Every structure is written in C-alpha cells, then in structure tokens.
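Chains, contacts and geometry: an overview
Spelled out, the chains give:
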Amino acid sequence: MSCTSSERSELHATCLLINDLSHFTFHVQTLFLQCVSRDTVDSRVSEDTMMEADGVKLENVTHYPGNGLDNQAFEREEDIITETNNIQRETKKGLSSCLSLFSKPINAAEDYFKAHSQTFKVIVLGILGAGYVAYFIAACVLDFQRAIALVVLTSLAIVAKSYELLKEYKGESISQCFRPAARCFKSNFKWLKWVLILAAVVLLVLWLVLDTSQRPEQLISFGGVCMFVMLVFLLSAHRKAVSWRPVFWGLGMQFCIGLFVIRTQLGLISFKWLGKQVEIFLAYTKEGSSFVFGDLIGNIFAFQIFLLQVLPIVVFFSSVMSILYFLGIMQWLILKIAWCMQITMGTSPTETLSVAGNIFVGQTEAPLLIRPYLKDMTKSEIHAVMTGGFATIAGSVLGAFISFGIDSSSLISASVMAAPCALAISKLSYPETEESPFKDKKNIKVSSGDEKNILEAASSGASASIGLVANIAANLIAFLAILGFINATLKWLGGMVGYPSISFQVRSEIITTYALCGFANLSSLGIMIGGLTSICPSRRSDVSALVMRSMLTATCVSLINACIAGILFVPPLDCVELFNTTAFNNTNVNMQTCCTDLFQSTVNNGTISFEGWWSSVANVTLYFSKCCQCCGLSDVAVCN
C-alpha cells in the first residue's frame, strides 16, 4: 500500500513527536531517580513514599509466580548510588593525596627533631643558661644588695645540682676511698661510741658552767629538759626496749640548730633574712584579698578582724605549698632533711620522711608522702608519724602567726627544731618492738599528689586550707585568754611583795613562741584520726589507740623545744631600766655595755646630740653625764 506525500509528512511529524516525548519522559525519569536516590541515601524514606514524586505516580507492577519482572527504576537507582559512591571515594583519595603532600615535610621535620632531640635539648639549655648568667651578672652589678636573694637561691641551686652530679658520676669512687675508714670505725665502734658520749657530756657541762655563770636562770630551762625526758621515759610503753641513740641524737640536733639560730651571728642574720623574705612573700596576699573584701582591706579597724587578716594568708600559703608539692620541690627538700635525720638517729625512712615533711606541711598532708606504706608500718612508726604532726605547724599556719606580729625567725627555727625532737621523744614514748619492713631506703618512693596540672594543684591547696582557720581561731582565743589571766595573776602576786610589774615579757614571749609552735591540742585529735584513717582505713584501730599518747608526747616535745630556747636565748639588755634601777659603777659589766652603746650613739659638735633610739629616751643627757663620770670612761672623746 502506497502512501501519499501528505500522509508521509504526518507520519514523520508523529515520529518526531514520539521521539521528543520519549526524550522528555527519559529526562523526567532521570530527574525523579536522582531525587529518589538522594532521599534513599540521606533520609531512608519508606518504599511507599518512593511511589510518588512531583505528582508523577509510578505504575504498579503485577508480580507473577516465578522470577517476576525487573523494575528498571530501582536498577537505575542502584546505578546512581554506585556512581555517587565512586565519586565520593575518588574525592577522598584526592584529599588524602593532597594532605599527604602537605604532611610529608611536617613528618620529616618531626622525625628529624626526634632523632636529634638530645642535641636540641643541649642547645636550648645552653641558650637559657647563658641568658640567666647574663641576667645574674647584670642584677649583681646594678645593685648587689637588691640581688642578695637571687644570689642565695642561685647558690643553693648550684650546690644541690653539683651534689647530684658528683653523686651520680663519682659517688662510687668516693665511697671506695672512705671504705677503709668506715671499716676501721665500725670495728672500733664500741669504745669510740663511749669516747664520743663522754666528750659530748664534758663539753655540755663546761658550756653550762661557763654560759650560765652570768645568767643562772638558764639552769631552770636545762632542768626542764631533764625533767620532761625522765617523765616520758617513766610513762614509756616499753621502757626496756628504749633505744637511746635516736633520743640523744634528736636532742643533740635540736640543740645544735637552736645554737646556730639563737647564738651565732650568722644564724641570726640568716633566719632574720629568711623571715623577712617570708613576710614580703605573704604581703602579696593583699592582691587577692583586696579583690574579695574590697574597701574593707583599706580600713585598718576592719582589717584587724581575724578572718580578714588570717584567711587570705592561710589560703595563699596553702595554695603555694600545694604547687611546690606538685612540682616536686617539696619532696626533694624533705628527702634531704629526712636523710640527715635518718643516718644519725637510725630511724626508718618512712617515719623520718613524714616527720621531716611536717616542717612544711600539715599533720594530714605529711602522711601523704608515705601513703603506700602506712598499711605495713609498725605501731611505733605510726606513733612517730602522729607525734610529728602534733608537734609542728603547717606552713600556712606559720604564715598566719607571722601576720599577728610574732617573730618570724623564732617561728621558723622552732618549726625546724621540733622535727628531730619529735622523732626522738616519740621513740622514747613508744619504742620500736617490731621489725620494720622499710629498713632499705631504696625501696621507698615519695608519693606525689593526685593533681593533673598546676592549676588543679593551686585550687586544691586553697580549698584544703579553709578548715585550718577555725582551728587557728580556737587555739588563739584559748591561749591568749589564758596568757592574759596568767599575766594578771603574776601582777597581783608580785604586787603583794612590791613587784607589780611581774609578767610574761620579752624573754617569756620568745620561749612561749617555741612552746606553742605545734598542734598538740584536743581539737586536733579529730583532725588526726580522720586524716590518717581516710588515707589508710585498715589502721583505724591502731591510730585510735595511739592518738592520745602521741598528742601528750607532742606536748612534751613543744615544752622541751621551749626549754632549749630558754637555755640559749639571751634577752636584750634594757639599758634604760638598768640606768633607773642600778647604781653607776665600774664593776657592773652590763653598765659598761650600756654606756658604751650610749657613747656610740652620741654626736658632740660643740653641743651634745644623740642618734638612733637613744634620741627618744627621756633624761638621756643625765644618763650620758653619769656614764662619763663612772666606769673609768671619762677619757672617752665624746665626754670631753
């Protein structure tokens, strides 16, 4: 059948229309499948939702038994998902390759630094060391007096580091050099020991005779030491088991420290300087307290309130001690002090560490140094740990006492002197009757805090200090009230016999400082029991049984500390009182001393004038003329 030209044209147009429709349908289907692909990957929509999109409804396919029919739409969807995953994988590979190109030089530099880390460490330390040397020289040249603190700290650091290096590299060879002498000493130790004891006794007796000839009242303090030692011995838990080595060595070390601090010029200057530095350091507390209390700090009357004056100092000092503990500085210092006490007194490393730690930290913080070993320590060692805590004060409390105007050098020396005495009297009160498992100090490792960084250490130290304030307040109220009552009683009794001015004055204040430099009081019993049992619950029964004995022993330690101070302390000469109550004559040594001091403060430029504290003394001109007339001092230049 033939078709006309018009029919062929219509047929061609129809074919073109069908072709366009097929293209349009394919385009719509492609767009729909892309939409479905996105919904399937991202939203996990249900199959019913995929049946409709943009108003176009997919034709339902009737499933027949057998293999059924393939749905081309879903096949197309799988192809699109596969292509998308391929694109994503190719994109990731591209990013990985780009990152690898950038990271290659970084990794190479990191590997280089690791391989030469020791060299870089030496270079950095060399630069820092050279910079510090330049800074040190500049500080000393510009103002040496101002740089004294820097010189002292630098010298201590150099000595400590030199000792460690010498011990590490030459310790064994030095030990070999002294081994023959050590063997000779050990072989003759029995008779050498008695020779040393006899020499010590003879020197002590000679010193007492010569030193107390001018001040016989010092013998009262010496009698106090003997009385307290005998009292503790009589009340000892095991008198037959007492080892006198730690007792005599501890008292001897206490006496030597006191002699250095109180009697020698170097000791006085050193501890006065140290106390002054502590006072300057504690003054920084005002920076924080002024922010918290505001204008109250500027009000002198409000600042005298206990909480405003003490709380900031206790918090600040406790926080600083916690930081030093975190950095390991306190552990290093405590280890050195403990080593000195251990080799002389023969005590175990654990108890010695704890007692040495009490010089700087409180009665609950010091046992943390030996926390892993508390469960295996003997009863005598537990008793020594608690006695050391009761007999000393924490560094934060020392700072608070200094803020009250108490002599800082006396407080510092009392805290140091109390440590060996506490260990000595503790071994007298409760001697060792068991075998300590910690004879070798190499098996002892100092425990560190649980803080993760320096900020946490500062925060935990500040938080732990709050409970100390109430304890300080209670003790001060009690002791100051008792002291006031005793003063009033002494004045009343003295007035009966014509001496109404009798009271605790300068000498008694210094001795009282040593006596009260401790926490041996009933309120501290709960602190000690709670602190130790929380650290080591398994020793709760032993702690509870020994805590009262250790508190009483620590009380005797504080009183012995005061007696040692009484033996050594020489009260300053009150020249004004001497001039008013004593006749001027050349046989009185004190009179000559006071007159000489007055002459040194006198300026004679045609008219007589006086310098220093003498310028404010009433009747100083009369005292001056009498000094010139007596004592064989009339030929002094200022008298002419």
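Before going into details, it helps to say that this report is about the structure given with it. Since the model is a prediction, treat every value here as computed from it, not as a measurement.

Examining the packing of aromatic side chains
Under the defined criterion, the tally for this structure stands at 11 aromatic pairs. Considering the side-chain rings of Tyr112 and Phe113, the 6.4 Å spacing of their centres and the 75 degrees angle between planes classify their relative orientation as edge-to-face. Relative to Phe120, the ring of Phe113 has its centre 4.7 Å away and its plane inclined at 40 degrees; by these criteria the two rings are tilted. Given a relative accessible area of 46%, Phe113 falls into the partly exposed group. Classification of Phe120 by relative accessible area gives partly exposed; the value is 30%. By way of ring pairs, the aromatic residues Tyr112, Phe113 and Phe120 are connected into one cluster.

Some points on the side chain of Ser322
Looking at where Ser322 falls in the secondary structure, it is placed in helix H11 (residues 306-327). We classify Ser322 as buried; its relative accessible area is 13%. Within the structure, Ser322 has its side chain in polar contact with the backbone oxygen of Ala457 (distance 2.6 Å). Those residues within four positions of Ser322 in sequence are excluded, and the remaining contacts are Glu451, Ala457, Ser460 and Gly461.

Observations regarding the pattern of salt bridges
Where charged atoms of side chains with opposite charge meet at close range, the side chains can pair. For the coordinates displayed, the defined rule picks out six salt bridges. Here Glu110 ties to Lys114 by a salt bridge, and the two come within 3.4 Å at their closest N and O atoms. Taken as a pair, Glu110 and Lys114 lie in helix H2 (residues 72-115) at a separation of four residues, close to a single helical turn. The residue Arg179 makes a salt bridge to Glu172 at a minimum N-O spacing of 2.8 Å.

Brief notes about the state of the cysteines
For the structure shown, the criterion picks out two disulfides. Each sulfur of the disulfide joining Cys575 and Cys594 lies 2.2 Å from the other. The S-S bond linking Cys575 to Cys594 shows a torsion near -85 degrees; that makes this disulfide left-handed. Of this pair, Cys575 sits in helix H22 (residues 575-581) while Cys594 sits in helix H23 (residues 589-600), and the two are 19 residues apart along the sequence. A relative accessible area of 0% places Cys594 in the buried class. Cys595 shares a disulfide with Cys627; S-S distance 2.1 Å. Measuring handedness by torsion sign, the sulfur bridge of Cys595 and Cys627 sits at about -70 degrees and is left-handed. Residue Cys595 is located in helix H23, and its partner Cys627 is located in helix H24 (residues 620-629); the two are separated by 32 residues in the primary sequence. For the pair Cys595 and Cys627, one class covers both residues: buried. Residue Cys226 stays outside any disulfide, its sulfur separated by 9.4 Å from that of Cys563, the closest cysteine. Cys226 gets classed as partly exposed once you look at its relative accessible area, which sits at 36%.

Considering the packing of helix H7 (residues 244-263) against helix H16 (residues 408-429)
Where H7 meets H16, the axes come as close as 7 Å, and the angle between the chain directions of the two elements is 165 degrees. Compared by their axis directions, H7 and H16 come out roughly antiparallel. Classified by chirality, the crossing of H16 by H7 is left-handed. Taking contact as the criterion, the partners of Trp244, Pro246, Val247, Gly250, Leu251, Met253, Gln254, Ile257, Gly258 and Val261 in H7 are, on H16, Ser413, Val416, Met417, Pro420, Cys421, Ala424, Ile425, Lys427 and Leu428. Looking at the contact of H7 with H16, its residues break down into 14 nonpolar, four polar and one charged.

Comments concerning the environment of Pro431
With respect to the helices and strands, the residue Pro431 is situated in the loop between H16 and helix H17 (454-464). For Pro431 and Ser236, which are 195 residues apart along the polypeptide, the C-alpha to C-alpha distance reads 7.8 Å.

Quick word on the nonpolar core
Within the largest apolar cluster, 82 residues are counted, with the highest numbers of intra-cluster contacts made by Leu374, Met386 and Ile560. With sequence-adjacent residues up to four places away left out, Ile560 is seen in contact with Val225, Phe228, Val229, Leu251, Gln254, Cys421 and Ile425. Within the second largest apolar cluster, 16 residues are counted, among which are Cys575, Cys595, Phe610 and Tyr623.

Focus: unusual backbone geometry
Apart from glycine, the bulk of residues carry a negative phi angle, and the bulk of peptide bonds sit in the trans form. Residue Asn619 is not a glycine yet carries a positive backbone phi of 60 degrees. Position of Asn619 among the secondary structure elements: in the loop between strand E4 (608-610) and H24. The exposure class of Asn619 is exposed, given its relative accessible area of 51%.

About the cut-offs
Per-chain numbering applies: the sequence of each chain, read as written, is numbered from 1 onward. Confidence filtering applies because this is a predicted model: local features only for residues at pLDDT of at least 70, side-chain atom pairs given and counted only at 80 or more, and all residues used for totals across whole chains, interfaces and linings. Neither water nor hydrogens contribute to the side-chain values; these are computed over all heavy atoms in the structure. Aromatic rings from Phe, Tyr and Trp, taking only the six-membered ring of Trp, are treated as a pair when their centres fall within 6.5 Å; an angle between ring planes under 30 degrees marks them as stacked, one over 60 as edge-to-face, and anything in between as tilted. Accessibility here uses a 1.4 Å probe with only protein chains present; expressed as a share of the type maximum, an area under 20% marks a residue as buried, one over 50% as exposed, and anything in between as partly exposed. Only DSSP runs of H or I covering at least 4 residues are called helices, and only runs of E covering at least 2 are called strands; the numbering of each starts at the N terminus. By the criterion applied in these results, polar contacts are pairs of N or O atoms within 3.5 Å in which, for protein atoms, one can donate a hydrogen and the other can accept it, and in which residues neighboring in sequence qualify only through two side-chain atoms. We call two residues contacting when some pair of their heavy atoms lies within 4.5 Å. In the sections that follow, a salt bridge refers to a side-chain nitrogen of Lys or Arg positioned within 4 Å of a carboxyl oxygen of Asp or Glu. Disulfide: a pair of cysteine sulfur atoms within 2.5 Å of each other. Angular values range over 0 to 180 degrees, each being the angle between N-to-C directions of two axes fitted as lines to C-alpha atoms, with helices fitted over their stretch in contact. Between 65 and 115 degrees an angle is taken as roughly perpendicular, under 35 as roughly parallel, over 145 as roughly antiparallel, and anywhere else as oblique. Helix crossings get a hand from a simple test, with the near helix turned counterclockwise from the far one by less than a right angle marking a left-handed crossing and a clockwise turn marking a right-handed one. For this classification, Asp, Glu, Lys and Arg are treated as charged, while Ala, Val, Leu, Ile, Met, Phe, Trp, Tyr, Cys and Pro are nonpolar and the rest, including Gly, are polar. Throughout this description, the term nonpolar core refers to a set of buried Ala, Val, Leu, Ile, Met, Phe, Trp, Tyr and Cys residues connected via side-chain atoms within 4.5 Å.

Keep in mind these numbers describe shape, not what the thing actually does.
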